[in-house]
Every structure is written in structure tokens, then in C-alpha cells.
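Fold and contact review
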Amino acid sequence: MIVANWKMYKTQAESLEFLQAFIPQVKTTAPEREIVLCAPFTALGIMFKNLNGSQVRLGAQNVHWADTGAYTGEIAGSMLVEIGVNYVMLGHCECRQWLCETDEIVNLRLKAAQRHGLTPILCVGETKKQRDAGETEKVLINQLRQALVDVDRSNLVIAYEAIWAIGTGHTCEPSQANQVIGLIREQLDNKDIPILYGGSVKTNNIDEIMTQSEIDGVMVGGASLDPINFARIVNYK
Ligand code: 13P
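Scope of this entry: the structure provided in the associated data block. A quick note: this is a predicted structure, and the numbers were derived from the prediction, not measured.

Reading the values: rules and limits
- Residues numbered from 1 in each chain as written.
- Predicted model: local features only at pLDDT ≥ 70, side-chain atom pairs only at ≥ 80, totals over all residues.
- Heavy atoms only, no water.
- Near = heavy atom within 4 Å.
- Polar contact = N/O pair within 3.5 Å; in protein donor to acceptor, adjacent residues only side chain to side chain.
- Areas by Shrake-Rupley, 256 points an atom, 1.4 Å probe, with all protein chains shown as cover.
- Nonpolar A, V, L, I, M, F, W, Y, C, P; charged D, E, K, R; others polar.
- Buried < 20%, exposed > 50% of the residue type's maximum accessible area, 1.4 Å probe, protein only.
- Helix = DSSP H or I, 4+ residues; strand = E, 2+ residues; numbered from the N terminus.
- Pairing = 2+ DSSP bridges.
- Right-handed = clockwise from strand over helix to strand, strands pointing away.
- Contact = heavy atoms within 4.5 Å.
- Salt bridge = Lys/Arg side-chain N within 4 Å of Asp/Glu carboxyl O.

1. Comments concerning the site of the ligand
Around the ligand, a shell composed of N5, K7, H92, E161, A165, I166, G167, G199, S200, M219, G221 and G222 is seen. Between the ligand and the protein, one listed contact pairs an oxygen atom with a side-chain N or O atom of E161 at 2.8 Å. Between the ligand and G222 there is a distance of 2.9 Å, counted from an oxygen atom to a backbone nitrogen or oxygen. With the chains in place, 96% of the 310 Å² that the ligand exposes on its own is no longer accessible. Split into classes, the residues belonging to the shell around the ligand amount to three nonpolar, seven polar and two charged.

The structure is reproduced here in C-alpha cells:
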């Protein structure tokens, strides 16, 4: 599974321009490679209308836990489903850091996503300070334990994003990421939950990352914004 996290990039026009260049590049990609574009809310509807039968799926970057209500600035699951969205990313470290998302809130959002038939992508990861203090395992176990209360393990993706490797160009060594992802898998009853790696994934490291036994895919920020680069990542060797 190869997921693009566009963050707060791309207008509708730019998203369509991306699709026009990207879709032909993945025409012959093996159908079992799940390709997901997590675009801004404003672009998702028009993108869905322009997928033209391709295997590309759409993801949102948030969902609220209530079905409707007085929650200014939030988005409901039904609103995403209506415009063709299949996935939703939750617990991304940028939301935890800038928007004070707690594990409890992430848990509420995860359950709402599943209630609406969306597949949540739960992001977990440690800061550099936590890693240096030898707390990686403890932090991850805590995040998983709290975020996964009453969450259906059969409709879930997990992304391990080493926070210190995001947008920095410092990739977590593939073998190190593999080890941490193995550790995450040990915490889960369902060993088939796809677990992705995220953090400075680029065209020049994707092939090595995907050779790792525990890594089921990647979540890509900066390098997903260019259609040719992202296609190279999707079509890893
Ligand atoms: P970069 O690929 O830009 O490091 O971003 C990773 C990320 O945050 C994916 O969710």
C-alpha cells in the first residue's frame, strides 16, 4: 500500500493536473498494489470524478467522531463517503503537535471512520527526544493501546512515522524501521493489519524500504506531490 499525504498542498486545479500526469503512469501497476491519495477536502470530490476507472483510491486527512452536529471546522464521515473517499488518516504527528490531538480524540475519530465504512490509517511515532531517551517502544505501545480501544482490527491500517524523519531528509534506516514495525505488529492480535513506514520516503530509498520483511507499504509526504516521482515510488522495484 502506497499512500500520498498531500497535507495542505494542491488546489482543485493542481490536483487534476496531478491526476492527468499520474494515472497513465500507474496503468500497468499490479492491481494488488493499493494506491491512496490523501488530498485536501476541497479536492477530493472533483478528483473522484476524474479517476477514470483507475485503481487509485482517495483518502481524507480527518473525520469527526459525531455523525452531525455543532462542530465548526470539522467534517463528518458521511460527507467523505458521499464524495468517494475510502480512507482517512488519523493521529498524524502534525495534528498531534499543532492541533493538540490526543490519543483519546484519535480513538473517537477511528471508531467514527469505521462506523461510516471508511478505513482509518492510524499514524504513530516517536519524537527525536523520545528516541534518544530510549522510549520508542514505550511511546508506541502507549499510542496503540489508547488509540485502539474498541477499534475493529479487521478494517485498519497503521503507519509508523518516525517524527524526526518527517520532512527532514533523515530517513529512518530501513532495517531500523523494519524492527520498529515488527515491534508494533507484536502488539496486535491481527497480524495481517498492513503497517506502513513514513518519513522522507523518496525515489532513491523506496526500493530498499520495500525489501524489508515487516514493511507493507509507505506513506509519502513531499515526494508524493510530483506525479512522476510518486509514480516511481508506487512502481517500486
Ligand atoms: P515526508 O515524506 O515529507 O517526510 O512526510 C512524511 C509524512 O508526514 C507522511 O505522512
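Text resumes after the structure shown.
2. Points about the pairing of strand β6 (residues 157-161)
Across the five residues of β6, five count as buried, placing the element largely inside the fold. Here β6 shows no split at all, with V157, A159 and E161 on one side and I158 and Y160 on the other all buried. Note that strand β5 (residues 119-124) and β6 share four bridges and pair parallel. The residue of β6 that forms the bridge with V124 is Y160. In the sheet, β6 pairs with strand β7 (residues 195-198) via four bridges, with the strands oriented parallel. When the sheet's bridge partners are listed, I158 is paired in β7 with I195. Following the backbone out of β6, through helix α8 (residues 174-186) and into the adjacent parallel β7, one traces a crossover that is right-handed.

3. Section: helix α2 (residues 41-48)
Within α2, burial applies to A43, L44, G45 and M47. Lining the buried residues of α2 we find α1 (12-22), β2 (35-38) and β3 (56-60).

4. Regarding the environment of H116
Mapped onto the elements, H116 comes out in the loop between α5 (103-115) and β5. Those residues in contact with H116 that sit more than four places away from it in its chain are D67, G77, S78 and V81.

5. Digging into the pattern of salt bridges
Using the criterion set out here, one finds 10 salt bridges in the structure. In this structure, R232 engages D207 in a salt bridge whose closest nitrogen and oxygen atoms are separated by 2.5 Å. Placement of R232 in helix α10 (residues 227-234) and of D207 in helix α9 (residues 206-209) is noted, with a sequence separation of 25 residues between them. Through salt bridges with shared partners, a single network forms among E74, E101 and R109.

6. Quick word on unusual backbone geometry
Residue N52 is not a glycine yet carries a positive backbone phi of 50 degrees. Considering the arrangement of structural elements, one finds N52 in the loop between α2 and β3. For N52, a relative accessible area of 66% translates into the label exposed. Of note in this structure, D150 is not a glycine but carries a positive phi near 60 degrees. With respect to the helices and strands, D150 occurs in the loop between α7 (136-147) and β6. Judged by its relative accessible area of 66%, D150 is exposed.

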